[in-house]
Amino acid sequence: MQAAQTTIDAAEVAKFEAMAAEWWDPNGKFKPLHMLNPCRLDYITSQIAAEFERDLNATSPFDGLRILDIGCGGGLLSEPMARLGAEVVGADAAERNIPVAQIHAEQSGLSIDYRHTTAEALATEGEQFDAVLNMEVVEHVSDPLAYLTACQQLLKPGGIHICSTINRNPKSFAMAIVGAEYVMRWLPKGTHEWSKFVTPDELYKLMEQAGLSPVDRKGFVFNPVTWSWSLSDRDLSVNYVTASLKPA
């Protein structure tokens, strides 16, 4: 079997390796993700439920669905998906993230298949999923199109791909880099590179080139007064999320 190509950026992986132990500390280096997580989950669960006609009020609404959380980190999204009844594979290129995720899942009484691997390797192995969660990863890879193509290959026909990232404009530089890394110190300096951010139109074009059909996009908007995140139909100026489908 031909070896899988990789879009892994070693320098980007090293950044997250250094922070691995702090994944489940709500006041640690991943505080922004803990704050954003309820909003992310609201979007993810509603999109998957709509696509597969599932009732989120049911006991295990995602029962029978196989979901990949690519770039899973410590499992902040993998665990809620498992609680909803899905069969979850959590994959991450940063090796140190995997034992952190495994231990936390075990402590939580959850069975999740965590793997130190890449999207490209999983695609080469012929893995298939009903849904691929691709959250805050595309701005860290070396070749976004090749990476998104691997994500498309991992989907079953009719499967759904949820992808979030950060827009590239002066506001995102001020908020996501200056604000988050230098002023609020939510993240270590250098976590993000503004030049690798992707505009919504660029992401839509990349997904189409990868064989996906974009169907929705929303903004994640932070309110400094209520200190909370919400979804927006119009404001995609900084953080945003998209849904796309693999044609059946």
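Refer to the structure above for everything that follows.
In this text the structure is predicted, and so the values were computed from the model without any measurement.

Glancing now at the overall build of the protein chain. When helices and strands are counted, the protein chain shows eight helices and eight strands. The long-range share in the protein chain, meaning contacts at least 24 apart out of those at least 6 apart in sequence, stands at 69%. Of the roughly 11,100 Å² that the protein chain leaves accessible, carbon and sulfur atoms contribute 52%.

In this section: helix α4 (residues 97-107). Inspection of α4 places Asn97, Ile98, Ala101, His104 and Ala105 among the buried residues, and these make up the whole buried set. Each buried residue of α4 lies within a common arc of 135 degrees when the element is viewed along its axis, so the set occupies one face. Set apart from the buried face of α4 by more than 90 degrees, the exposed residues are Glu106 and Gln107. Phi for Gly109, located one or two positions after α4, is positive at around 70 degrees.

We now examine the pattern of salt bridges. Inspection of every chain in the model, using the stated rule, returns eleven salt bridges. The salt bridge involving Glu79 is made with Arg83; its shortest N-O contact spans 3.6 Å. Separated by four residues within a single helix, Glu79 and Arg83 lie in helix α3 (residues 78-83), roughly one turn from each other. On the accessibility criterion, Arg83 (49% relative accessible area) is partly exposed. By sharing partners, the salt bridges in this structure join Arg66, Glu87, Asp113, Arg115 and Glu127 into a single network.

The buried fraction of strand β4 (residues 129-135) amounts to seven of the seven residues, a majority that puts the element mostly inside the structure. In terms of strand pairing, strand β1 (residues 66-70) meets β4 through three bridges, oriented parallel. Bridging across to β4, Asp69 finds its partner in Leu133. For the crossover from β4 across helix α6 (residues 144-153) to strand β5 (residues 155-166), the handedness is right-handed.

This brings us to the sheet that holds strand β6 (residues 213-223). With mixed pairing, the eight strands of this open sheet are ordered in space as β3-β2-β1-β4-β5-β8-β6-β7. Edge positions in the sheet fall to β3 (113-116) and β7 (228-232), since each of these pairs with one other strand and no more. For this sheet, the mean angle separating the axes of adjacent strands, direction not counted, is 20 degrees. Where helix α8 (residues 200-209) meets the sheet, its contacts fall on β5, β6 and β8 (239-245), and the angle it forms with β6 comes to roughly 150 degrees.

If you trace the backbone, Asn239 turns up in strand β8. When residues no more than four places from it in sequence are discounted, the contact partners of Asn239 are Thr165, Ile166, Gly219, Phe220 and Trp229.

The rules behind each value
- Per chain, the residues get numbers from 1 upward, laid out in the order the sequence is written.
- Selection of residues for local features in this predicted model requires a pLDDT of at least 70, selection of side-chain atom pairs for listing and counting requires 80 or more, and totals for whole chains, interfaces and linings are taken over all residues.
- The basis for the side-chain values is all heavy atoms of the structure; hydrogens and waters are excluded.
- Strands are runs of DSSP state E lasting at least two residues, helices are runs of H or I lasting at least four, and both sets are numbered from the N terminus onward.
- Residues count as neighbours in contact if any of their non-hydrogen atoms are within 4.5 Å of one another.
- Only the protein chains shown count as cover for residues, and the accessible areas themselves come from Shrake-Rupley with a 1.4 Å probe.
- Relative accessibility thresholds used throughout: buried, under 20% of the residue-type maximum; exposed, over 50%; partly exposed, between the two (1.4 Å probe, protein chains only).
- Note that the arc is defined by the directions from the helix axis to the C-beta atoms.
- Whenever Lys or Arg places a side-chain nitrogen within 4 Å of a carboxyl oxygen from Asp or Glu, that contact is recorded as a salt bridge.
- Two strands qualify as a pair provided DSSP detects at least 2 bridges between them.
- Seen with its strands pointing away from the viewer, a crossover is right-handed when the path leading from the first strand over the helix to the second is clockwise.
- Here, axes are lines fitted to C-alpha atoms. For helices the fit covers the stretch in contact, and angles between N-to-C directions go from 0 to 180 degrees.

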